[in-house]
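Each chain is listed here by its residues.
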Amino acid sequence: MTEPAWRAAPLTWGRGPRVFEAFLEPTCPYSVRALGKLDDLLAQAGEEKITIKIRLQSQPWHMYSGVIVRCILAASTLPDGRGAAKSVMAAIAAHREAFEFERHCGGANLDVTPNEVIARIEEYSGKKLAAAFAIPDLDREIKWHCRYARQNGIHVSPTFMIDGVVQPDMGSGDPVADWAARLLKS
């Protein structure tokens with residue numbers, strides 16, 4: 001018997017010719033700040049002028065990063081696809097402290113299991129993720145995000161690219177208007 005087919009929806013919004021890629025680790029405070037600006041960026045720059053692509057940048061010092069990234073990609077396989085993934089990312093961002101360790105190595109989360117992390121994300125997001133999380137070859141999506149980041153020299157989050165070129169001078173603290181102006185420059 002073969003496994004049922006599944007598809008991970010691309011984490012892409014807008015349909016414009018300028019492409020803004022944001023490499024984000026879901027519990028990184030700077031990535032959370034950047035994530036919170038993406039809807040405003042799309043509104044300011046225009047859906048017809050830019051395309052935003054979220055690339056997940058799992059980082060091992062955020063101890064549950066791999067589990068959390070898999071949850072987001074699992075959400076992208078649900079019927080609402082990218083919308084489900086976006087709501088999971090927003091829920092994680094709103095509760096990021098529930099997934100972090102003190103100084104990246106201690107605290108109450110040391111006793112938390114991956115199943116408990118999944119349950120927390122389900123509770124915060126309202127999305128049922130356990131079955132999708134268990135898709136045997138979901139790791140192909142995780143590996144794609146990792147390979148894509150590595151081939152582009154991405155090491156930290158957030159990192160931004162415009163039209164395939166890393167923008168080392170862009171940061172999560174920049175005003176959205178600055179991002180939009182940069183994207184709309186010809």
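Residues numbered from 1 in each chain as written. Predicted model: local features only at pLDDT ≥ 70, side-chain atom pairs only at ≥ 80, totals over all residues. Heavy atoms only, no water.

Caption draft 1: Examining the pattern of salt bridges more closely. Applying the stated criterion across every chain, the model contains nine salt bridges. With a closest N to O distance of 2.5 Å, aspartate 39 and lysine 86 form a salt bridge. In this pair, aspartate 39 sits in helix 2 (residues 38–45) while lysine 86 sits in helix 4 (residues 82–94), placing the two residues 47 residues apart along the sequence. A salt bridge links arginine 96 to glutamate 97, with the nearest nitrogen and oxygen atoms 2.5 Å apart. (Salt bridge = Lys/Arg side-chain N within 4 Å of Asp/Glu carboxyl O. Helix = DSSP H or I, 4+ residues; strand = E, 2+ residues; numbered from the N terminus.)

Caption draft 2: The arrangement of the pairing of strand 2 (residues 18–24) in detail. Counting buried residues along strand 2, six of its seven residues qualify, which places the element largely inside the surrounding structure. In this structure, strand 2 lies alongside strand 3 (residues 50–56), joined through seven bridges in parallel fashion. Across the sheet, residue phenylalanine 23 finds its bridge partner in strand 3, namely arginine 55. For strand 2 and strand 4 (residues 159–162), the ladder comprises four bridges, and the chain directions are antiparallel. Each bridged residue has a counterpart across the sheet, and for phenylalanine 20 the counterpart in strand 4 is isoleucine 162. (Buried < 20%, exposed > 50% of the residue type's maximum accessible area, 1.4 Å probe, protein only. Pairing = 2+ DSSP bridges.)

Caption draft 3: Broad picture of the packing of helix 4 against helix 5 (residues 114–125). At a minimum axis separation of 9 Å, helix 4 and helix 5 run at an interaxial angle of 105 degrees. What the angle tells us is that helix 4 and helix 5 run roughly perpendicular. Of helix 5, the residues touching helix 4 (which contributes Ser87, Val88, Ala91 and Ile92) are Ile121, Tyr124 and Ser125. Split into classes, the residues belonging to the contact of helix 4 with helix 5 amount to five nonpolar, two polar and no charged. (Axes fitted to C-alpha atoms, helices over the stretch in contact; angles between N-to-C directions. Parallel < 35°, antiparallel > 145°, perpendicular 65-115°, else oblique. Contact = heavy atoms within 4.5 Å. Nonpolar A, V, L, I, M, F, W, Y, C, P; charged D, E, K, R; others polar.)

Caption draft 4: Representation of the sheet that holds strand 3. The mixed open sheet is built from five strands, whose spatial order is 1-3-2-4-5. What marks the edges here is a single partner per strand, and that holds for strand 1 (12–14) and strand 5 (165–166). Each of strand 1 and strand 3 touches helix 4; the most contacted strand, strand 1, lies at about 105 degrees to it. Across the face of the sheet, helix 8 (residues 176–184) comes into contact with strand 2, strand 3 and strand 4 while running at roughly 140 degrees to strand 2.

Caption draft 5: View of unusual backbone geometry. Omega for the peptide link from serine 157 to proline 158 comes to -10 degrees, which places this bond in the cis form. For proline 158, the position within the fold is in the loop between helix 7 (139–151) and strand 4. Phi is positive for aspartate 163, close to 50 degrees, though the residue is something other than glycine. Mapped onto the fold, aspartate 163 is located in the loop between strand 4 and strand 5. Residue classification places aspartate 163 among the partly exposed positions, given a relative accessible area of 40%.

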